[in-house]
Amino acid sequence: MIDRDRFPVDEWRLVETRFNVDDVGVTETLFSVGNGYLGLRGNYPEGRFAHEQGTFINGFHETFPIRHAEQAYGFAEVGQTIINAPDAKVMRVYVDDEPLSLDVADVREYERVLDMRQGILRRNLLWVTPSGKHVRIEDERFVSFDEKHLAVLRLTVTVLNSDAPVTVSSQLLNRQDGEGIYGGSPMASKGSDFDPRKTEKLTDRVLQPQEYWQDGDRSVLSYKVSQSQMTLAVAADHLVDTDNPYTARHLVEPDIAKNVFRVEARAGVPTTITKLTSYHTSRGVPAGELIDRCRRTLDRARDLGVEELVTRQIDWYAAFWDRSDVRIGGHPDLQQATRWCLFQLAQAAARADGQGVPAKGVTGSGYSGHYFWDTEVYVLPFLAYTTPLWARNALRMRSLMLPAARKRAHQLNEAGALFPWRTINGEEASAYYAAGTAQYHINADVAFALAKYVRATGDEEFLAGEGVDIAIDTARLWSTLGFWRSSDAGEDGERDSFHIHGVTGPDEYTTVVNDNLFTNVMARFNLRFAARTVRDLAENDPEAYGRMVQRMNLDPSEPERWDHAAEAMHIPFSPALNIHPQDAVFLEREIWDLENTPPDQRPLLLHFHPLVIYRYQVLKQADVVLALFLQGNHFTDAEKLADFEYYDPLTTGDSTLSAVVQSILAAEVGYQDLALEYFRQAAFVDLGDLHHNAADGVHVASAGGVWTALVSGFGGMRDHFGRLTFDPRLPVDWPELAYVLHWHGTRLDITVTATAMTVAAGGEGGPVEFAVRGAEYVVAPGETVRVTLHGQGPVRPGRPSIRQLEGSVREDGTLLSASVPIVTAAIPIVTDEEQPLAVGLDV
């Protein structure tokens, strides 16, 4: 998957040993740096060409009217898309007025390194100019975690074998509106092929200039966004360190600021220019106020000094890895990939500070910078168990969205709140309701994440304050969205089953269905959690309960009604096939024969009309299988095995969210080699560009899923009912797996080998109760418990196949069969005699 000569294995670094223009978009993503608020793509400081010259700020967006071909009531009306913020990465080098441009330069040495231990990107190259001068170029950059609004860029130029005039042009560029003027490749030209995963293209001017000025070596640009009315300011200071004589020149216009340094370089004497850059954004503060904030950020940075900023960055990452690292023995390639994924989670979430975690973090414009359910299901478990504050911040984002979510639920004739399927500002931005708004399960996903956070941390204060509102309003939606149906067997006509119709589950290849299993199972959890939360609050904190009742206008009978609906929730099951159908009519469809589908027709969403896909049993991603994991305590081992063996051959994996879930369930039911195969796919989804869209940004949810696949898949951890249990499934060729969990304030260092599991508790916190394969244990602070393991669970060879499903009998007596959609077209061909012949083509 990876050219290991170019990208050698290094457990703590991502190293590139030679430049290649052909995959520049992918490497821009792989070498991005960010902190959850601000992200800089791995563009070269020369700034001359790129897949996407990207600087992204979490939540900084433009709005636009969504134009539907046919409008209907309740359709999303206002779209949102992330904006490319002014670019501060540009520091162009000229020697003898010859520009360094990697596509044509004679580069004799090249190395680019993303140091994941430090969070610093470095590049070192030797350039030989057309006149024979040997020039050493060293540059580094990082986005500070200690100073949320600060990026540090440093460039050192040394002419090794001659004196020469050297010019460094440091720039701030508004690429969003001035790309065609200032060079690089504009966002609008990233590709003309259809792909719904890419960002929207804005043609009108987005950033309206406000103040712009220079004062010595400090440059400032500021803007107001045309429609969203957000504001932004960016300011840059320049620190020059050299024994060479130099002069400085300046230029500022609305969309560009230049600080140009002309150096009379002597042979062997380096010139270092450090660029301190600050970004501030707001949804209501004038640009002038943001400029003042930038000035304060830069003044603090100058007072601290660059070396102190570097030290603080390294210290921050040391603490992060201490509480977050996962160690895989004997496999440095998997270790590198795992750490790169965890590194991306830090870059996406650490300083989001109440914003969401975008699907691409702050590494690219893919999915328009939107927040999805990805955060709650795939990212938040990692946050809750390693850095609970980040999880709390992510949940606060949902709390702040409640007013808009209530409005949206009312618009769809439901009670409570309905969280948007995709959004930045809290309003629904999905133009395609069938695979967007219809995914009501996002409500239950948010409630599930809230419960997971509270159970892992014991943060009852958050639950009693903001969390209970989320639990109540999400449950209220299910109580009106669902309906009761009387059983034919009931003599008194009592309502005995609760159904949810007209919804879409996680599998977007099957839309707007009745009784989607994942939705029903998760809604059942949501209803029960809300009822239990309300009752616990009334018992444990009457004052908080009274405030909540007044705030939420809670009817005392609501929790009982939620419990009643949960107990009666319809859970589809097919006795004939002995599996859980994905929805009420899923099994009536024909099976799509994925094993015989040509690779050039994948992913299906780019090659087949949705109506073609919807007619088949075929999955974009795990759906029932995801329910088996998240709510595994409600399914038997036999049910999990049967469901996995049925759905795994039907799952395309066209979504990067799928492989991690398939890995976890494969490990649990015994397909251990298959579990490792799926894990490798997830770990390398971006590093190997397996889905051919890594250029649009990191797949953050998949990165979060890698942690879950390790801890819950191979580590066997579950937390059902707030109870910590383990049933490891260590791959046969892994000497050990080690990871850290934080449970109610107690740190647990867990190591799994083929023969034992060790749990060591940190010195702070309280004793932790846990179970390993049914046996109960307690580990006290400062103590270690060692549990002997006899094997690693069941082992099943190979993988489930569609061939195993063919010939199975449905409830109605019909047989399951598999096929690939084929179109036979009559195309006239003109012969030499000009007589058309009709030939059949299988497409």
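These numbers come from a predicted model, not from an experiment. (Residues numbered from 1 in each chain as written. Predicted model: local features only at pLDDT ≥ 70, side-chain atom pairs only at ≥ 80, totals over all residues. Heavy atoms only, no water.)

Engineer: Please provide a residue-by-residue account of the overall build of the chain, values included.
Structural biologist: Looking only at helices and strands, the chain features 19 helices and 35 strands. The C-alpha atoms of the chain give 28 Å as radius of gyration, which agrees with the globular expectation for 843 residues (28 Å, within 12%). Counting the 843 residues in the chain, one finds 61% classified as buried. Here the analysis covers contacts within the chain between residues at least 6 apart in sequence; of these, 67% occur between residues at least 24 apart. Working note: accessible area of the chain is about 31600 Å², and carbon and sulfur atoms make up 49% of it. The chain carries 79 positive and 118 negative side-chain charges, and their two centres are separated by 4 Å. (Helix = DSSP H or I, 4+ residues; strand = E, 2+ residues; numbered from the N terminus. Rg over C-alpha atoms; globule rule 2.2 N^0.38 Å. Buried < 20%, exposed > 50% of the residue type's maximum accessible area, 1.4 Å probe, protein only. Contact = heavy atoms within 4.5 Å. Areas by Shrake-Rupley, 256 points an atom, 1.4 Å probe, with all protein chains shown as cover. Lys, Arg positive; Asp, Glu negative; His and termini not counted. Charge placed at Lys NZ, Arg CZ, Asp CG, Glu CD.)

Engineer: Provide a residue-level description of the environment of R300, including the pertinent values.
Structural biologist: Inspection of the secondary structure puts R300 in helix α3 (residues 287–304). Overall, R300 belongs to the partly exposed group, its relative accessible area being 39%.

Engineer: Kindly report on unusual backbone geometry, identifying the contributing residues and their values.
Structural biologist: A cis geometry characterises the amide bond from R602 onward to P603, with omega recorded as -5°. Locating P603 in the fold gives a position in the loop between β23 (590–592) and α14 (610–614). The residue V512 is not glycine, and still its phi comes out positive at about 50°. A relative accessible area of 40% means that V512 is categorised as partly exposed.

Engineer: Residue-level account of the sheet that holds strand β25 (residues 717–718), with values.
Structural biologist: Pairing is mixed across the open sheet formed by 4 strands, whose spatial order is β25-β26-β30-β31. The open sheet has two edge strands, β25 and β31 (775–779), and neither has a second partner. Across 5 bridges, the pairing between strand β30 (residues 768–772) and β31 is antiparallel. By the bridge assignment, A771 is partnered in β31 with E776. (Pairing = 2+ DSSP bridges.)

Engineer: If you had to explain the pattern of salt bridges to someone new, which residues and values would you point to?
Structural biologist: All told, the structure shown has 58 salt bridges when counted by the stated rule. Across the pair D353 and K148 runs a salt bridge, and its minimum N-O distance is 3.4 Å. Within this pair, whereas D353 is found in the loop between α5 (332–349) and α6 (374–386), its partner K148 is found in the loop between β11 (134–143) and β12 (150–159), the two being separated by 205 residues in sequence. Residue D353 is classed as partly exposed on the basis of its relative accessible area, which comes to 31%. On the basis of relative accessible area, K148 is assigned to the buried category, the value being 17%. (Salt bridge = Lys/Arg side-chain N within 4 Å of Asp/Glu carboxyl O.)

Engineer: Got a sec to walk through helix α17 (residues 658–669)? Specific residues and values, please.
Structural biologist: Between its first and last C-alpha, α17 extends 17 Å over 12 residues, near the 16 Å set by a 1.5 Å rise per residue. Here α17 lies mainly inside the structure; 12 of its 12 residues are buried. Every buried residue of α17 is accounted for by S658, A659, V660, V661, Q662, S663, I664, L665, A666, A667, E668 and V669. Its buried side turned inward, α17 meets α6, α15 (624–630), α16 (637–647), α18 (672–683), α19 (700–714) and β25. (Expected span 1.5 Å × (residues − 1).)

Engineer: So, the sheet that holds strand β1 (residues 13–16): which residues are in play, and what are the values?
Structural biologist: Ordered by their spatial adjacency, 9 strands build an open sheet running β1-β9-β10-β11-β12-β19-β16-β15-β14, and the pairing between neighbours is antiparallel. Edge strands, defined here as strands with exactly one partner in the open sheet, are β1 and β14 (207–215). Strand-to-strand, the axes of this sheet are offset by a mean angle of 15°, without reference to chain direction. The pairing of β1 with strand β9 (residues 106–115) spans 4 bridges and is antiparallel. The partner of E16 across the bridge, within β9, is R112. Helix-sheet contacts for helix α4 (residues 306–324) involve β10 (120–128), β11, β12, β16 (231–242) and β19 (271–282), and the interaxial angle to β12 is about 120°. (Axes fitted to C-alpha atoms, helices over the stretch in contact; angles between N-to-C directions.)

Engineer: Run through the packing of α6 against helix α9 (residues 441–457), naming residues and quoting values.
Structural biologist: Helices that pack against each other are described as a pair by the angle of their axes relative to one another and the distance between those axes. Orientation of α6 relative to α9, taken along the N-to-C sense of each, is 10°, at an axis distance of 10 Å. The orientation of α6 relative to α9 falls into the category roughly parallel. In this structure, α6 crosses over α9, and the sense of that crossing is right-handed. Contacts from E376, V377, L380, P381, A384 and Y385 in α6 reach D445, V446, A449, K452, Y453, A456 and T457 in α9. The residue makeup of the contact of α6 with α9, split by class, is 9 nonpolar, 1 polar and 3 charged. (Parallel < 35°, antiparallel > 145°, perpendicular 65-115°, else oblique. Left-handed = near helix turned anticlockwise from the far one by under 90°. Nonpolar A, V, L, I, M, F, W, Y, C, P; charged D, E, K, R; others polar.)

Engineer: Give a description of the confidence of the model for the chain that names residues and reports values.
Structural biologist: Residues of the chain with pLDDT of at least 70 account for 94%, and the chain-wide mean is 94. A low-confidence stretch, residues 183–192 (pLDDT under 50), is modelled with 24 contacts involving residues beyond four sequence positions or located in other chains. In this model, residues 834–843 is a region of pLDDT below 50 whose contacts with residues beyond four sequence positions or in other chains number 26 contacts. (pLDDT = per-residue confidence, 0-100.)

Engineer: Tell me about the environment of P270, and please be specific about residues and values.
Structural biologist: If you trace the backbone, P270 turns up in the loop between β18 (256–265) and β19. Each C-alpha atom of the pair P270 and Y246 lies 12 Å from the other, and the pair is 24 residues apart in sequence.

Engineer: For the pairing of β16, give the residues involved together with the corresponding values.
Structural biologist: Among the 12 residues of β16, 9 are classified as buried, and the element is accordingly described as predominantly covered. Two strands pair when backbone bridges link them, and strand β15 (residues 218–225) and β16 are joined in this way by 6 bridges, in the antiparallel orientation. In the strand pairing of β16, S222 is matched with A233. Inspection of the sheet shows β16 paired to β19 by 12 bridges, in the antiparallel sense. What sits directly across from V240, in β19, is I273.

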